Each structure stands twice: as C-alpha cells, then as structure tokens.
Amino acid sequence: MRNFGQLWPTLKRLLAYGKPWRKPLSMAVVMLWVAAAAEVSGPALISYFIDNLVAQHRMPLALVSGLAAVYLLLQLLAAGLHYWQSLLFNEAAVGVVQQLRTDAMDAALRQPLGAFDTQPVGQLISRVTNDTEVIRDLYVTVVATVLRSAALVGAMLVAMFSLDWRMALVAITIFPAVLIVMLIYQRYSTPIVRRVRAYLADINDGFNEVINGMSVIQQFRQQARFGERMNEASHSHYLARMQTLRLDGFLLRPLLSLFSALVLCGLLMLFGFTSVGTIEVGVLYAFISYLGRLNEPLIELTTQQSMLQQAVVAGERVFELMDRPRQNYGDDKRPLQSGSIDVDNVSFAYRDDRLVLQDIDLHVPSRHFVALVGHTGSGKSTLANLLMGYYPLTRGEIRLDGRPLQSLSHGALRKGVAMVQQDPVVLADSFFANVTLGRDISEEQVWQALETVQLAELARGMAQGIHTRLGEQGNNLSVGQKQLLAMARVLVETPQILILDEATANIDSGTEQAIQQALAAIREHTTLVVIAHRLSTIVEADTIMVLHRGQAVERGTHQELLAAKGRYWQMYQLQLAGEELEASEREESLIA
C-alpha cells in the first residue's frame, strides 16, 4: 500500500506544471466558490418560503415573485460559472499536457543510444501519449472536481450550521465514514491501477512490433500467433479494468448512499423527538436537500482517488523517462579542423559480462582513408559507433584532433563527424527535408548532392521534384536508393570525419563507382573510415585494420596484408572465388 505521503512528491511535481496557468486557474477557483454559494442559496430561499410564507398562509405576489426570480438567477449564475470554470481548467490542462509531452520527447531524444537497445519503442510511445493524456485528466477532472466538491461541501456546511447547529452535527457524522471508505479504496485500488497502466503500455508495444514486422509476420504466416499475443495483453488489461469497476461498484456509491440514508434517518428522528416549533419544516426540507446534494460531491471526491492514482502512476512513468541519464557531451565548442583520429587501448562492452572490443589501438592521420574489415560480429560497427560518441567507453580513450572525444560539445561532434549506416533512416517527408534535416541548406546544394549520388534523375521524375513526399520509412525507395539518400545528407555539407558503415552494400556496381569517385574527390577535405564487406572497395585505403572477435589481428595496406597471407588474404581469396562463381553462373544462364 502506498499512502498519500508516498504519492505527494509526484503529485506536487505534476501540479507544479500548472504554474504558468495560475491566473486562469485562480479565476476558475473563484468561480467555483461563487457557483457553490449560488447553489447552496437555493434551498435556503425555499426554506424561507416554506416557513415564512406557506406555513403562515400568506402569499404576497411581489415577495413570491422576487424569491422565484432570485432563485432562477442563482441557478443560472451557478450554471454559467460552472461552464466558464470548465473552460479555464481545460485550457490549463491542454497547456500542461503540451509542455509535459514536449519535455518527455526532449528527454527521449537526448537519451544515450544504449537506452534504446533494451527499451521497447511501444513503451516510450505509451509514456508520451497515453500517460500524458491521463495526466490531463488530473487538471480537467480531479483538480476541478476536488475544488468544486470542496467549495460545495464548505458552502453547505456554513448554510447548515446557520440554519440549525443540532441537525448540522448529525449531518457531519457522514464525514468520518466517508474518510474510512476513501482510505480502504486507496489501499486496494493503487496496485490495480499500476497493472492497468502497465498492460496498456504492453498493448502499445505489441501493436508497434506487429506493424513494424508485418511483412515478416505475413511471410511466415504468424498472424494467428501474434493476434493471440495481442488478445492476451488486451484480456489482461480487461481483467484489471474489471477489478477497478468492481471495487468502484462496491466501495463507492452503494456504501456512501447507505451512509447518507442513515444520516437522513438521524435527521428525521431529531426532527420527530424535538418539541414542536423548535425545528421548522422548511429547515428540515433544506437539510434533506443539502444531504441529497452532499452525497454527490462526497462520491465524486472518493471516485477521484482512482483517477488521481492513475495520474500519479502515469506521472511516475513520464518522470522516470525524463529523469533518466542523458547523452553526455563536453563543453569544447571549437569545430574540428584536421580530422585526425587516435584510438588508445579502447575496450567496450554493451553489458558488463562480455567485451565486444578489446584493447584496440588505431592512429588515423588527417585526410587518410582507413578501412575496418572482419566477419560478422567482429566489432566493426561498434567501433564506428564509439567514434560517433554514441556509447561511453569501458576502458581507454578516443581523441579527435588530439582532443578527448568526451570533451567535445554536441554541436562540434555532430558537425565534425558523420556516419552513413547500412540501414539508413528515411523520414516520411520530401527529398529536400530528408537531405537537409532542418539545416540551412539551399535547393541548389541539395540538387548537387543528389546528382553526386545518382538520385537527381529519380527526383526529377517525381510529381513535385525534390519536394515530393516519400512514403513511410521511404517505402517507395529501394534499399540502395535509401543508402544513396543517406549519402547525399552527408555530402551536402562535408564533415571532417566521414564514417561509412557498409554504406554501398546494396548499390549496383555502376552507382558504386560514381560514389567512389565522389568519395575520392572529398578525401582532400575529409578523413574516411570505411567498414566494408566487399574488399574490392577498399584496395586504395591507406590503412586496413582486420578485426576478429573484438580484437585487431592485422593491419597494413592492401598489398601488405595480401603478402602476409593471413586472415585478410583468406577473406580476399574467398571473395574472389565467390565472384568468379557468380560470373560463371551468369554466363551459363545467358547461354541457356
């Protein structure tokens, strides 16, 4: 069980987001109290009408008309004020949710990449969308209802004690009973609410996985299995929600209605046993009316516990995301000048139990071309990610331009070092937006980059040229065209260090030759680090480093490594044999 003291830190932080909207919220609170006073005045007027007019058998038209007009005006005033305070609370709630989502997305964007290795995407989406929407209800429903109920209960208590203190004492006996119900409700509902939020996040995560893997699911006919998984998650969420509804149905309205009925019996007994004329009929009517109205805000106050706990649990999930460690960068804002790279005794492990790279040493002078080769899992891409500053080193140091990589600012590192990956990300936006990515780059520069990577003709053939929107994840582009688009992003604003991670793996030989010519042209201004599967693309490299199971086992030029007849020589001979086999198969197919 978690008491209010445990909920308060998160609740306080959530309420602090309402500070920029203090003025509309303050106006809404004033409106609530005025509306409550207007509502409570109605039964008091009717009580006066019964005891002073009906009981005395006199009906002066002016007074009766005046009382009726005042009663109607009070009800209209209360309705209007409730309408305006609802708008003000919603205005504040929308602003709070917008700021929360902005902060949550900012926190997600600034997390280390290692956090995304284990964090399901659907969980992140749930925190930014569903959880923030639940927090909106904190302002729209919980805060507004609590303040309205408190104002109404307070106004009714003042009115009841003003009319008859003895009957008021009987009426307030309902409060200890309601408090006990609220405490019991909080104890049993909190764990259920936590499960509801967790199951909802699981549903979002499952949908995200299914949509992203739809082609594989349909290819291997796994629709039924994945549908069953989604059904299980939905059923678990359904059962948890039903537990909440059963708890609400038992502890809230039936019990509170029972308490209200018992208090009403007490009022009737007090009225019956007191001497005639001590308590007038109009006062009894007013108390019965107040008791009927008192029941509803007390039920609302109790039911808001469930929404309050949902908002606090959602807030905990959002704040847990926002409070995670962010990607660390240094304070050195000086841009890179030479592009030299020094890797000194670097070791790295994604987890503590297994080193992926071990004792790597590498020196790359300015404007040199270094290639990293090795079998799958040898650590090539990991080393490239470390050069990008994506992960903290387990041991050793990487220096760029002689400066420790971790000392470089975000701007200096991202402008000075760029990488083209084997599986590039393509936004569901235009060619222009995908190349510029928000940078101040002209259309002429974009066309020039597209010409270099052989994509200009494709862009011209589209309806709106470079402003034609691409499909979701670039689905209307081939894998090779996506790689060329990613290459254009880099070439449009040449960095000091360019890393190519199998960036030409899915490109035909003709286009690859054009890319090689473009890279040869920028080598005068850029240090190249190329991870290559096809060894024919790196024969011109100044240094080739061969990685095997996370260790550097060979290094040298293409000719030096072939002469050594080690692991690189074996890889090269295997590729030559494979290429010869493919060529002979093509010849046979042409003859046939």
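Residues numbered from 1 in each chain as written. Predicted model: local features only at pLDDT ≥ 70, side-chain atom pairs only at ≥ 80, totals over all residues. Heavy atoms only, no water.

### Observations regarding helix 15 (residues 443-452)
Turn by turn, an α-helix covers 3.6 residues, leaving residues three or four places apart pointing in a common direction.
Part 1 of the argument: Within helix 15 the residues assigned to the buried category are Val-446, Ala-449 and Leu-450. Taken down its axis, helix 15 places every buried residue within 100° of arc, on the same side. Facing away from the buried surface of helix 15 by more than 90 degrees, the exposed residues are Glu-444 and Gln-448.
Part 2 of the argument: Tucked into the core, helix 15 has its buried residues touching helix 14 (431-436), helix 16 (456-460) and helix 17 (479-491).
Part 3 of the argument: Within two residues after helix 15, Gln-454 carries a phi angle of roughly 65°, on the positive side. (Buried < 20%, exposed > 50% of the residue type's maximum accessible area, 1.4 Å probe, protein only. Helix = DSSP H or I, 4+ residues; strand = E, 2+ residues; numbered from the N terminus. Arc of directions from axis to C-beta. Contact = heavy atoms within 4.5 Å.)

### A word on the sheet that holds strand 1 (residues 341-348)
Part 1 of the argument: The sheet built from four strands is open, its strands ordered 2-1-4-5 with antiparallel pairing. Two strands close off the open sheet at either side, each with one partner strand: strand 2 (357-364) and strand 5 (403-404).
Part 2 of the argument: Examined bridge by bridge, strand 4 (residues 395-400) and strand 5 share two bridges and lie antiparallel to one another. By the bridge assignment, Arg-399 is partnered in strand 5 with Pro-404.
Part 3 of the argument: Set on the sheet, helix 12 (residues 380-387) makes contact with strand 1, strand 2 and strand 4; between it and strand 1 the angle comes to about 120°. (Pairing = 2+ DSSP bridges. Axes fitted to C-alpha atoms, helices over the stretch in contact; angles between N-to-C directions.)

### Focus: the packing of aromatic side chains
Part 1 of the argument: Within the structure shown, the criterion is met by six aromatic pairs.
Part 2 of the argument: On the numbers, 5.6 Å between centres and 55° between planes, the contact of Phe-348 with Tyr-391 is tilted. Of the two residues, Phe-348 is situated in strand 1 and Tyr-391 in the loop between helix 12 and strand 4; the sequence distance between them amounts to 43 residues. Neither Phe-348 nor Tyr-391 differs from the other in exposure class; each is buried.
Part 3 of the argument: Over the ring of Phe-319 we find Arg-13; its NZ or CZ atom is 4.0 Å from the centre of that ring. (Phe/Tyr/Trp six-rings, centres within 6.5 Å; stacked < 30°, edge-to-face > 60°. Lys NZ or Arg CZ within 6 Å of the ring centre and 35° of its normal.)

### Observations regarding helix 12
Part 1 of the argument: Taken across its eight residues, helix 12 has seven buried, putting it largely inside the fold.
Part 2 of the argument: Inspection of helix 12 places Lys-380, Thr-382, Leu-383, Ala-384, Asn-385, Leu-386 and Leu-387 among the buried residues, and these make up the whole buried set.
Part 3 of the argument: Gly-389, located one to two residues past helix 12, shows a positive phi value of around 80°.

### Points about the pattern of salt bridges
Part 1 of the argument: Tallying each qualifying case throughout the model produces 18 salt bridges.
Part 2 of the argument: Ionic pairing is found between Arg-324 and Glu-320, a salt bridge with its closest N-O pair at 3.2 Å.
Part 3 of the argument: Take Arg-324: its relative accessible area is 16%, and that puts it in the buried class.
Part 4 of the argument: Put simply, Glu-397 and Arg-399 hold a salt bridge, and the shortest N to O gap is 3.1 Å.
Part 5 of the argument: On the basis of relative accessibility, which here comes to 26%, the residue Glu-397 falls in the partly exposed class.
Part 6 of the argument: Overlapping salt bridges, with partners in common, bring together Asp-332, Arg-334, Asp-401 and Arg-403 in one network. (Salt bridge = Lys/Arg side-chain N within 4 Å of Asp/Glu carboxyl O.)

### Considering the pairing of strand 4
Part 1 of the argument: Direction of pairing for strand 1 relative to strand 4: antiparallel, over a ladder of five bridges. Within strand 4, the residue paired with Ile-341 across the bridge is Leu-400.
Part 2 of the argument: Hairpin connection of strand 4 to strand 5: two residues between the antiparallel strands, including Asp-401 at a positive phi of 55°.

### A short note on the domain arrangement of the protein
Part 1 of the argument: Along its sequence, the protein is organised into domain 1 (7-164 + 303-326), domain 2 (165-278) and domain 3 (341-426 + 475-591).
Part 2 of the argument: Relative to domain 2, the C-alpha centre of domain 1 lies at a distance of 19 Å.
Part 3 of the argument: In this complex, domain 1 contributes 23 residues to the contact, which on the side of domain 2 involves 26 residues.
Part 4 of the argument: In total, about 2,200 Å² of surface goes out of reach between domain 1 and domain 2, with carbon and sulfur atoms giving 57% of it.
Part 5 of the argument: Counting the surface domain 1 buries against domain 2, the share from its top three residues, Asp-164, Gln-305 and Gln-309, is 29%.
Part 6 of the argument: Summed over the shared surface of domain 1 and domain 2, the number is one salt bridge.
Part 7 of the argument: A salt bridge links Arg-166 to Asp-164; the shortest N-O distance between them is 3.2 Å.
Part 8 of the argument: Broken down by element, the residue count for the side of domain 1 that touches domain 2 peaks at 12 residues, all from helix 5 (residues 121-163).
Part 9 of the argument: Looking at side-chain class alone, the side of domain 1 that touches domain 2 contains 10 nonpolar, nine polar and four charged residues. (Domains from an automatic or database assignment. Buried area = accessible area lost by both parts, 1.4 Å probe. Nonpolar A, V, L, I, M, F, W, Y, C, P; charged D, E, K, R; others polar.)

### Topic: the packing of helix 2 (residues 22-54) against helix 3 (residues 61-109)
Part 1 of the argument: Interaxial distance between helix 2 and helix 3 falls to 8 Å at its minimum, and their mutual angle equals 160°. Considering the angle they form, helix 2 stands roughly antiparallel to helix 3. Regarding helix 2 and helix 3, the two cross each other, and that crossing is left-handed.
Part 2 of the argument: For the contact of helix 2 with helix 3, the per-class residue count stands at 27 nonpolar, five polar and two charged. (Parallel < 35°, antiparallel > 145°, perpendicular 65-115°, else oblique. Left-handed = near helix turned anticlockwise from the far one by under 90°.)

### Some details on the side chain of Thr-537
Part 1 of the argument: Considering the arrangement of structural elements, one finds Thr-537 in the loop between strand 8 (527-531) and strand 9 (543-548).
Part 2 of the argument: Of the residues examined, Thr-537 reaches a relative accessible area of 15% and is grouped as buried.
Part 3 of the argument: Leave out the neighbours within four places in its chain, and Thr-537 touches Phe-369, Glu-512, Gln-516 and Ala-532.

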